[in-house]
Structure formats: C-alpha cells, structure tokens
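Below are the chains, spelled out letter by letter.
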Amino acid sequence: MKNPKSMPDPDVLEIIKDGLMTGQPGLIHIISRIEDNLQITREEANVLVYDTVLRLNLSLFPPITKMELVLTQGCNLTCSYCFEKDMLGYLRMPEPIALKAVDLLFRYSGKSERLNITLFGGEPLFNMETLKGAVRHAESKAAESGKTVFFNMTSNGTLINEDTAEYLAEHGIKALVSIDGLESTHDRFRRDRSGKGTFEKAMTGLKRLKGKQPLGVKMTVMPEATRDLFKNVMGLIDLGVTHFVIGHASGVQWSEEDINEFINQWSSLYSWYRDGGKKRATVVEFEEGESEGPFYGCQAGRNSISVNVDGGISPCSKMLGIDSRNIIGKLGNTEYGLVNISNRINITRCMELMKECAKKGIDKDYQGGCFATNYEENKNIFSPSLLDYKLSQLKKSVTNCPTCR
Amino acid sequence: MVDKMTPQDMEELASRISEEIIARLGGSLEGAEAGPVNMCGPNFVQCGNYTCSGNFQCSADFKCKAKYGVVTPPKLQSARVQIDGGCGSEHAFSECGDYTCKKEFRCEAHQFMCNLTFTDTPNIFGRL
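All values reported here derive from a predicted model rather than from experimental measurement.

Draft legend 1. Up close: the overall build of chain B. From N to C terminus, chain B includes one helix and eight strands. Tracing chain B from N to C terminus, the helices and strands come up as α-β-β-β-β-β-β-β-β. Looking at chain B as a whole, 41% of its 128 residues are labelled buried. Nonlocal contacts in chain B, meaning residues at least 24 apart in sequence, comprise 26% of its contacts between residues at least 6 apart. Total accessible area on chain B is roughly 7,200 Å²; 53% of this is exposed by carbon and sulfur atoms.

This is the structure we're talking about:
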C-alpha cells in the first residue's frame, strides 16, 4: 500500500499539470486519479487540489486583492444599456458560496494587507441575507488575519431604506448609486419593469445615505445624452452628490458626432474641475487620470476577480455579464480555486493583447483597454476596442492640456 | 492500514506537488515562451521587458540563463524599452528591471539598479 504522504507518480503529476494548463481542466478526472494514486479519500484529494492550485497561483501570479461578489443576477430595473441584460434572472448566491469566496480572497491575497470586496449584482440589495453573511465573515477573517477589508457596493438605489442605510454606514460599505443624470436623462434609460423612470426612487435611496457617507453616483453616459453631461453633473451636485464615477456606455453605437460632443463636454467638465470645482465634488476619473498602470491589460484576472452566483470565477463582472454560462476567460470556482491556470497566464501576461495593439499600430500609447469591451466590439478579449482607444486618447488630450478650455 | 493525512501533511504535499508542477512548467515558460514584464511573482525574474521562469536568471545581455550549472541556449530577444514605468512622463523616467529610474539616474543593465549619471557614486540604488 502506498504511503499517502509520498508524491504522486510522475504520470499523475503530468496529468495534474496538463489538466491545469488547459482552458477547462477536467477536475473530476484529476481528483479521481489523485485519490487512486495516493489512496486518500475524495475529501482529502479535494483539499490537496485546492492547496496545490493556491500555491501555484501564489507562486506564478500577483496576489488577488479585489473581489466582486455577484450576489444576485436579479434586478428590478431594465436599463437599456445594461451589460447584464442577457444574464439577469432570479438566481441568488447562496451564503455558503459567498463564505467560500471570502475565504478564497483571503488565501489568494498572500501577504497583501489591504483587500477590497465589491458587493455587486443584478441589484445586490435583493440578497441582503448573503450580503450580511459575506460582510460578517470578511470582518471576522480580517480581524483574525490582521488584514484590512474595504467594502463597496454598486446599487440602483431604489431599495435603500433607512435600515439599509444604517447597516451600510455601520459596516463602512461605500455605496455607489447608478444615476445617469437629472430626471430627463436618467429616466430615458433607467426604467423599472413597468417602463416607469426610476430617478425619484433612486434619489430617495441616495439621500437616505446623507450624513452617513459621501453621496456617490456611477454615471453611464449614452451617446444620446452626451450633450447634457456637464449640465447633469452640475444638477446632481446641487442635489447633494459629492462623488462621481463617469463612464461612456459600451456595446452601443457611437457616431463621430457623439464622440466629439462627449469630448467637448468632458473638456468643459475638466476645466470646471481644475478651476475649483473639485472643492464641491470628486470626479474619480480626473483624480486617477487615464493611466492604466505599467502593464498591458487591466486588473481583471491579474489582482481582481469576480465571483458569480454559482461560485464560478471570472476576471470581472462585465465579462460575466456578457456570457455568464460559458464565462469568457474563466478562472475557476470557489470549490477548487483559480484552477484555469492557462487562462490566468494568458490574461496576466497579455502577449496576444500586445500583439493585437501592435497590429493596429496603437501599442505605443495604449495598453489594451477593457477585456469585456474588446469582446463586445471584436468578439476577442485581446483585440483592442478602437472606440475605447479613441476615447481614451481624447480624454488624455483633455487632461494633459493645461491651456485648453 | 494507511495513516490519515494531517492538515500539515496535506500542506507539505501540496507544496511539493506545486513545486514539481512549476519545475515541469519551467521548460515551457522559459526562453522564447517567457512573458513580458507583467508576468510576475516570486518564481519569475524580470529580464528587460521579458521574464525568466524560476530556474533561470537574467544575464547582462538580457537573456535567460540557468541559475546553476549548464547555461541553456538563450532564446529571448534583446530587451527593448516599450512600456513606460507607470510613473510620470516617459522622458523623466526610464525603466530598469523592476524599478523606474528618475532622469538623473541611469539603469545599470547588469544589476537593474539606478545609478547616478555623471558621478562616481556607484551605490545609490533602489526604487527611486
């Protein structure tokens, strides 16, 4: 009988290695071979695979410090540009999966001390039970490990009541409410299932956070609404908003005229901001600039992951939204960890993204952009979106031009 | 009767298996297959714009060579500065292995350290 503490036979090691290096590892086969070869139980083989995969990831890649938890695919709105349109249903993440996801974040964070969890959906407040369980578990893991965990939540705001607002404040959960502008803009795109605009409800939810945390909004700018961008930001500031994350809508058509108008508005906004507006509100994009860091590709899959309701792990929620069944660039699951090593290698080192940027002649001033947007435009996460490239260059020209108005 | 594995046994075995797998991957990640600078982790060393896997080290001519014993045939292309170090204007900084040197410093290719330009002070190193 084989000593269970000894190494697996070379052919089994080769099966483990080959299995992990395919895009879709056949874990059941790998586990049953380990079980037979080492004469250990299925449960022990599962732990061994989890621990081995964890060590491989910690050795080969940067630590994971950010995680999005897709707490539910359910949402009460039907926003016209939503990237999760095809995903939305009523599935909710069971609490045990959320707890395993939190455990995974802490183990894959290695020596990193500052971790970030984004509570995401659908509408995350539809799954308060799991949300609270995940927060409680993360707080307890943080206390026992000496790490610090920061919480964010992206919400449509319509379900924020007084109790929720209190709970968010008590646990330091920073809410970012999706509001696209003043009523006429917001209600054009963000409607409930009966077709009614949701501006009033979202603003009511947002105002419940007043005095408890900064009022932050995520503005998505549709091509049809670009000409009102500046006016919308000013209007929301008058209503008490102090924190903005502003992005253009992807997966929709942008004409040259729309792009030019967007950049005009962006330029006006930047001039206002630079000339003192920042005392009234923070625009995250102006604080961070357009730099993507010293590497190709974004943080997705490098030090950030997204966990779906069933425990499937994707590089980011937007990639999940595009195809939550087949998960583009899938990295693994909460049961066994980031087992799709070859996908993580491709995403982290981005050889293909660099080559595609070079092919399009944009490799000197662009680092590949967003995988999900690339996929939306080209059906290939490594083929850069030319719309994103153009907008990023134009935005850079605005923020790098001290004399422009 | 087979002994039940303790959590420590399990951790030790997982560690040995992962090391063995990394060693087996080493061949495929070394040389021409090595990634650009953004492939990082304790088992990789930076070599110009490329990385060498764990069993290799970077040589002065920006090739991966075996750390111990036989030198493997170098397969990497020569390093070329391609990605801005990520801090400030590309004219004010230059990439130097894991580091970015300020403009008054130059990159020592064989050590990837930032040295003062035009002085004889050789030992001002580090992340500057």
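Draft legend 2. Seen up close, the confidence of the model for chain B. All names here are of chain B. Summarising the model, chain B shows a mean pLDDT of 49, and 16% of its residues fall at 70 or more. For chain B, strand β8 (residues 113-116) is the element with the lowest average pLDDT, namely 49, and helix α1 (residues 7-29) is the one with the highest, namely 75. A low-confidence stretch, residues 27-43 (pLDDT under 50), is modelled with 62 contacts involving residues beyond four sequence positions or located in other chains. Considering only residues more than four positions removed or in separate chains, one finds that residues 116-128, a stretch of pLDDT under 50, has 24 contacts.

Draft legend 3. Looking closely at the side chain of Ser304 of chain A. You can see Ser304 of chain A is positioned in strand β8 (residues 304-307). If we skip the residues at most four places from it in the chain, Ser304 of chain A touches Ile64, Lys66, Gln299 and Pro315 of chain A.

Draft legend 4. Just the sheet that holds strand β4 (residues 173-178) of chain A, in detail. Residues and elements named next belong to chain A. Here ten strands make up an open sheet; going across it, the order is β7-β6-β5-β4-β3-β2-β1-β8-β9-β10 and the pairing mixed. The open sheet is flanked by β7 (282-283) and β10 (332-333), the only strands paired with a single partner. Most of the contacts of helix α9 (residues 229-238) go to strand β5 (residues 216-221), to which it runs at about 165°, and overall it touches β5 and β6 (243-248). Helix-sheet contacts for helix α10 (residues 256-274) involve β5, β6 and β7, and the interaxial angle to β6 is about 160°.

Draft legend 5. Region of interest: the side chain of Ser314 of chain A. Residues and elements named next belong to chain A. Along the chain, the position of Ser314 falls in strand β9 (residues 312-314). In this structure Ser314 comes out as buried when scored by relative accessible area, which is 0%. Sequence-distant contacts of Ser314, defined by excluding residues within four places in its chain, comprise Ile305, Ser306, Met319, Leu320, Ile327, Ile328 and Leu331.

Draft legend 6. The pattern of salt bridges, seen in detail. Residue and element names in this part refer to chain A. All told, the structure shown has 17 salt bridges over all chains when counted by the stated rule. A salt bridge links Asp11 to Arg33, with the nearest nitrogen and oxygen atoms 3.3 Å apart. Of this pair, Asp11 sits in helix α1 (residues 10-20) while Arg33 sits in helix α2 (residues 27-38), and the two are 22 residues apart along the sequence. We classify Asp11 as partly exposed; its relative accessible area is 43%. Lys231 is paired through a salt bridge with Asp228; the nearest N and O atoms lie 3.7 Å apart. Look at Lys231 and you get partly exposed, because its relative accessible area is 48%. Relative accessible area serves as the criterion here: at 18%, Asp228 is assigned to the buried category. Look at the salt bridges and you will find they share partners, linking Glu14, Lys17 and Asp18 into a network.

Draft legend 7. Structural context of helix α6 (residues 162-170) of chain A. Residues and elements named next belong to chain A. For α6, the set of buried residues is Thr164, Ala165, Tyr167 and Leu168. Buried residues of α6 fall within an arc of 165° about the axis and therefore sit on the same side. Pointing more than 90 degrees away from the buried face of α6 are the exposed residues Asp163 and Glu170. The inward-facing, buried residues of α6 abut α5 (128-145), β3 (148-155) and β4. One side-chain oxygen at the N-terminal end of α6 lies 3.2 Å from the backbone nitrogen of Asp163; it belongs to Asn161. After α6 finishes, the residue Gly172 shows a positive phi value of roughly 65°.

Reading guide: rules and limits
- Residues numbered from 1 in each chain as written.
- Chains lettered and ligands numbered in written order.
- Predicted model: local features only at pLDDT ≥ 70, side-chain atom pairs only at ≥ 80, totals over all residues.
- Heavy atoms only, no water.
- Helix = DSSP H or I, 4+ residues; strand = E, 2+ residues; numbered from the N terminus.
- Buried < 20%, exposed > 50% of the residue type's maximum accessible area, 1.4 Å probe, protein only.
- Contact = heavy atoms within 4.5 Å.
- Areas by Shrake-Rupley, 256 points an atom, 1.4 Å probe, with all protein chains shown as cover.
- pLDDT = per-residue confidence, 0-100.
- Pairing = 2+ DSSP bridges.
- Axes fitted to C-alpha atoms, helices over the stretch in contact; angles between N-to-C directions.
- Salt bridge = Lys/Arg side-chain N within 4 Å of Asp/Glu carboxyl O.
- Arc of directions from axis to C-beta.
- Polar contact = N/O pair within 3.5 Å; in protein donor to acceptor, adjacent residues only side chain to side chain.

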